[in-house]
Amino acid sequence: MTGTTIESDEAPDSGFGAITGPRRDRLRQQLANLRALTVGDGIRYEVRTEHVVLHSEPHRELRRYGGLSSLLRAREIGRGPVLLIPPLAAPATCYDLGPAHSLVGHLLQTGRVPYVVDYGEIGRADRNMGFEDFIDDIVPQAIDRVLADFGGPAGTEVDVIAWSLGGTVSLLSLAAHPELPVRSITAVGTPLNYALVPPYPVVRTMTAPTKGRAITAVLKLLGGIPAPMVQLAYRATAWERELKKPWFILNNLGETETLARMEVVNRFQRTFPGYPGRLVEQMWERLIYRDELARGVVTLGNRSIDLTSIAVPIQLFGSHRDAIVPWRAAQHGVELFGSSPQVHFTTVETSHLGLIAGPDAVRETWPRIDGFLDALPAPTVS
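As the structure is a prediction and not an experimental result, all values here were calculated from the model.

Student: Could you give me a rundown of the overall build of the protein, with the residues and numbers involved?
Tutor: Looking only at helices and strands, the protein features 15 helices and 12 strands. Contacts in the protein between residues at least 24 apart in sequence constitute 77% of all its contacts with a sequence separation of at least 6. Only carbon and sulfur atoms are counted for the fraction: they give 56% of the accessible area of the protein, which is about 17300 Å².

Student: Describe the packing of helix α4 (residues 131-150) against helix α11 (residues 277-289), naming the residues involved and giving the relevant values.
Tutor: For the pair α4 and α11, the least separation of the axes is 8 Å and the interaxial angle reads 100°. Classified by the interaxial angle, the pair formed by α4 and α11 is roughly perpendicular. When α4 is examined against α11, the residues Phe 131, Glu 132, Asp 133 and Phe 134 are found in contact with a partner set consisting of Arg 278, Leu 279, Gln 282, Met 283 and Leu 287. Class assignment of the residues belonging to the contact of α4 with α11 gives a composition of five nonpolar, one polar and three charged.

Student: Give a description of the nonpolar core that names residues and reports values.
Tutor: Among the nonpolar cores identified, the biggest contains 96 residues, and Leu 83 and Tyr 95 are the most heavily contacted of them. Here this core gets 10 residues from one element, more than from any other, and that element is α4. What Leu 83 contacts, discounting residues up to four positions off in sequence, is Leu 62, Tyr 115, Val 116, Val 117, Ala 142, Ile 143, Val 146, Val 158, Asp 159, Val 160 and Ile 161.

Student: Got a sec to walk through the pattern of salt bridges? Specific residues and values, please.
Tutor: What the rule picks out here adds up to 14 salt bridges. Between Arg 363 and Asp 360 there is a salt bridge whose closest N-O contact spans 2.5 Å. In this pair, Arg 363 and Asp 360 both sit in helix α15 (residues 359-375), three residues apart, roughly one turn of the helix. Owing to a relative accessible area of 16%, Asp 360 belongs among the buried residues under this scheme. One salt-bridge network, in which partners are shared between bridges, spans Glu 61, Arg 63 and Asp 118.

Student: Got a sec to walk through the side chain of Asp 322? Specific residues and values, please.
Tutor: Among the secondary structure elements, Asp 322 is positioned in the loop between β11 (314-318) and α13 (327-331). An unpaired buried charge is present at Asp 322: no salt bridge exists, and Arg 321, the closest side chain of opposite charge, is 9.6 Å distant. Within the structure, the side chain of Asp 322 is placed 2.7 Å from the side chain of His 352, a separation counted as a polar contact. With near-sequence residues (within four places) excluded, Asp 322 lies in contact with Thr 350, His 352 and Leu 355.

Student: So what's going on with the layout of surface pockets? Residues and values would help.
Tutor: The volume enclosed by the largest pocket comes to roughly 1000 Å³. Lining the largest pocket we find 34 residues, and of these Tyr 200, Ile 225, Ala 233, Tyr 275 and Met 283 sit closest to its centre. Where the lining of the largest pocket is concerned, the elements lending two or more residues are α6 (200-207), α7 (213-222), α8 (227-236) and α11. Grouping the constituent residues of the lining of the largest pocket by class yields 31 nonpolar, three polar and no charged.

Student: How would you summarise empty space enclosed by the protein if you had to cite specific residues and measurements?
Tutor: Within this structure, the stated rule accounts for two cavities of 30 Å³ or more. In this structure, the largest cavity occupies an estimated 50 Å³ of space. Lining the largest cavity are Ile 85, Val 139, Ile 143, Val 160, Ser 170, Ser 173, Leu 174, Leu 180, Val 182 and Ile 185. Broken down by secondary-structure element, the contributors of at least two residues to the lining of the largest cavity are α4, α5 (165-176) and β6 (182-188). Counted by class, the lining of the largest cavity contains eight nonpolar, two polar and no charged residues.

Student: Describe a nonpolar patch on the surface, listing the residues and the values that go with them.
Tutor: A surface patch of nonpolar side chains, about 240 Å² in accessible area, is lined by Val 218, Leu 222 and Met 229. Of note, Val 218 is situated in helix α7. For Val 218, a relative accessible area of 45% gives the class partly exposed.

Student: Describe the packing of aromatic side chains, and please don't skip the residues or the numbers.
Tutor: Here the structure, examined in full by the defined rule, presents four aromatic pairs. Ring geometry for Trp 327 versus Phe 345: centroids 5.6 Å apart, planes at 90°, classification edge-to-face. Taken as a pair, Trp 327 in helix α13 and Phe 345 in strand β12 (residues 343-347) lie far apart in primary sequence, 18 residues in all. For Trp 327, a relative accessible area of 23% gives the class partly exposed. In this structure, Arg 75 is placed above the aromatic ring of Phe 150, and the distance from its NZ or CZ to the ring centre is 5.9 Å.

Student: Lay out α5 with the relevant residues and their values.
Tutor: The periodicity of an α-helix, 3.6 residues per turn, causes residues three or four places apart in sequence to face the same way. Over its 12 residues, α5 runs 16 Å from end to end, which matches the ideal 16 Å to within 8%, given 1.5 Å per residue. The buried fraction of α5 amounts to 11 of the 12 residues, a majority that puts the element mostly inside the structure. Every buried residue of α5 is listed here: Leu 165, Gly 166, Gly 167, Thr 168, Val 169, Ser 170, Leu 171, Leu 172, Ser 173, Leu 174 and Ala 175.

Student: Explain the environment of Arg 73 to me, and be specific about the residues and the numbers.
Tutor: Looking at the secondary structure, you find Arg 73 in helix α2 (residues 68-77). Along the primary structure Arg 73 and Gly 111 are separated by 38 residues, whereas in three dimensions their C-alpha atoms are 6.7 Å apart. Those residues in contact with Arg 73 that sit more than four places away from it in its chain are Leu 108, Gln 109 and Gly 111.

Student: Break down the pairing of strand β2 (residues 61-65) for me, citing the residues and quoting the values.
Tutor: Within β2, four of the five residues are buried, which leaves the element mostly enclosed by the surrounding structure. Sheet topology note: the strand β1 (residues 51-55)/β2 ladder contains four bridges and is antiparallel. When the sheet's bridge partners are listed, His 55 is paired in β2 with Leu 62. The turn joining β1 and β2, which pair antiparallel and follow one another in sequence, is formed by five residues; a positive phi near 65° is taken by His 59. As paired elements, β2 and strand β4 (residues 114-118) share four bridges and run antiparallel to each other.

Scoring rules and cut-offs
Along each chain, numbering runs from 1 in the same order as the chain's sequence is written. In view of the model being predicted, local features appear only for residues whose pLDDT reaches at least 70, and side-chain atom pairs are presented and counted only at 80 or more, with totals across whole chains, interfaces and linings using the full set of residues. For the side-chain quantities, the full set of heavy atoms in the structure was used; hydrogens and water were omitted. Strands are runs of DSSP state E lasting at least 2 residues, helices are runs of H or I lasting at least 4, and numbering of each runs from the N terminus. Residues are treated as being in contact if the distance between any of their heavy atoms lies within 4.5 Å. Where accessible areas are quoted, they stem from the Shrake-Rupley method and a 1.4 Å probe; at the residue level, only the protein chains shown are allowed to cover. Interaxial angles span 0 to 180 degrees and are taken between N-to-C directions of axes, which are lines fitted to C-alpha atoms, for helices over the stretch in contact. Each angle is binned into one of four classes, with values under 35 degrees roughly parallel, values over 145 roughly antiparallel, values of 65 to 115 roughly perpendicular, and all other values oblique. In this classification, Asp, Glu, Lys and Arg are treated as charged, Ala, Val, Leu, Ile, Met, Phe, Trp, Tyr, Cys and Pro as nonpolar, and every other residue, Gly included, as polar. What makes a nonpolar core is a set of buried Ala, Val, Leu, Ile, Met, Phe, Trp, Tyr and Cys residues whose side-chain atoms join them at distances within 4.5 Å. The buried label applies to any residue whose accessible area, calculated with a 1.4 Å probe on protein chains only, is under 20% of its type's maximum; exposed applies above 50%, and partly exposed to all values in between. What makes a salt bridge here is a side-chain nitrogen of Lys or Arg within 4 Å of a carboxyl oxygen of Asp or Glu, nothing more. We treat Lys and Arg as the positive residues and Asp and Glu as the negative residues; His and chain ends play no part in the count. Any N or O atom pair separated by 3.5 Å or less is treated as a polar contact, with the protein-specific requirement of one donor-capable and one acceptor-capable atom, and with residues adjacent in sequence counted only for side-chain atom pairs. Definitions used throughout: a 1 Å grid over protein atoms alone; a cavity as a set of points that fits a 1.4 Å probe which cannot get out; a pocket as an open set with protein on both sides within 12 Å along at least five of seven lines; a lining residue as one with an atom within 4 Å of a point. Grid points are joined across faces, edges and corners, and a volume is the space filled by probe spheres set on the points. Patch membership requires more than 30% relative accessible area and the absence of a salt bridge. Residues of like charge join within 9 Å; the nonpolar side chains Val, Leu, Ile, Met, Phe, Trp and Tyr join within 5 Å. Two aromatic rings, drawn from Phe, Tyr or Trp (for Trp, its six-membered ring), form a pair once their centres lie within 6.5 Å of each other, and the interplanar angle then sorts them: stacked below 30 degrees, edge-to-face above 60, tilted otherwise. Think of it as a cone above the ring: NZ of Lys or CZ of Arg counts as a charge over the ring if it is within 6 Å of the ring centre and within 35 degrees of the ring normal. Each residue after the first adds 1.5 Å to the expected span of a helix. Between any two strands, at least two bridges found by DSSP are needed for them to pair.

Next comes the structure, spelled out in structure tokens:
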């Protein structure tokens, strides 16, 4: 929707006869924007990139962006498919927030075919889902389905791109299943050392007398973390922004594009799903309290998953301005992935969401992803 912009030769007088020229037009625009944000349908309608749903199943919907012509073009120029893995407890729309904030749209423009696996809503009924459901089932299945749909010559592999905890899931999946046909992994804003993420070190110290069991007991009682709590926690990481939002709106009431960008973020925040119960217990016990992720070997059930054994090129991103994943927690991967043939780390000074979507991502993150993928060797065709 671009209908909130009112042309001066079409707008009614609205009682502004004494105000002429640009001042009158700006006042009308301010009132139109105020109406759109309060009693209207918003500054912009949500616009999604063209896509087709290939598989629609609970917690594993698979979407392909672009049509048949995009597939044919990618095969012709020798570019394999890209699978985007969403974070846990964040919607898959992070990769397609709108025309100006769409990583899938950008990938299509560069001749790649992006796919997204969507976990959908997570509620108390899903409390028995753990990391195993994602790394042993959902992600490997998505990779197989992507290759089956994409076609291409034998030897075609998938490039995986993931934001935040999606990077954790992607890296664990490949470490647990090194046979997966994955050419590379890009993890954007992924925490790889929870000892460097406030307030976890303090919480670990406080719960040491119970060996962390106090937190585990609370998580079991909750059966996971409900969506409203996740949404509130995400907003709390940018509490200054939330407090200043009314003043921000007033100061930018005539700036339609600025308000439209704010609206995109607000809509995104309102759609955060919850964390499944067993998975969040594993996160607390293994990744946070025992610090296994930082050490490189994560224990799930009766097996150990060695992340240091990952043998594909890895690209990592971090930011000193990220209020959720501190720069050092993301940069730890340079040390962690010693078996990878190459590990690249890029700093983009922006917010957590800004690393994957928004102006900073457009200017810095996305071009670096392009360069990383373009420099990788082509798959061996058999």
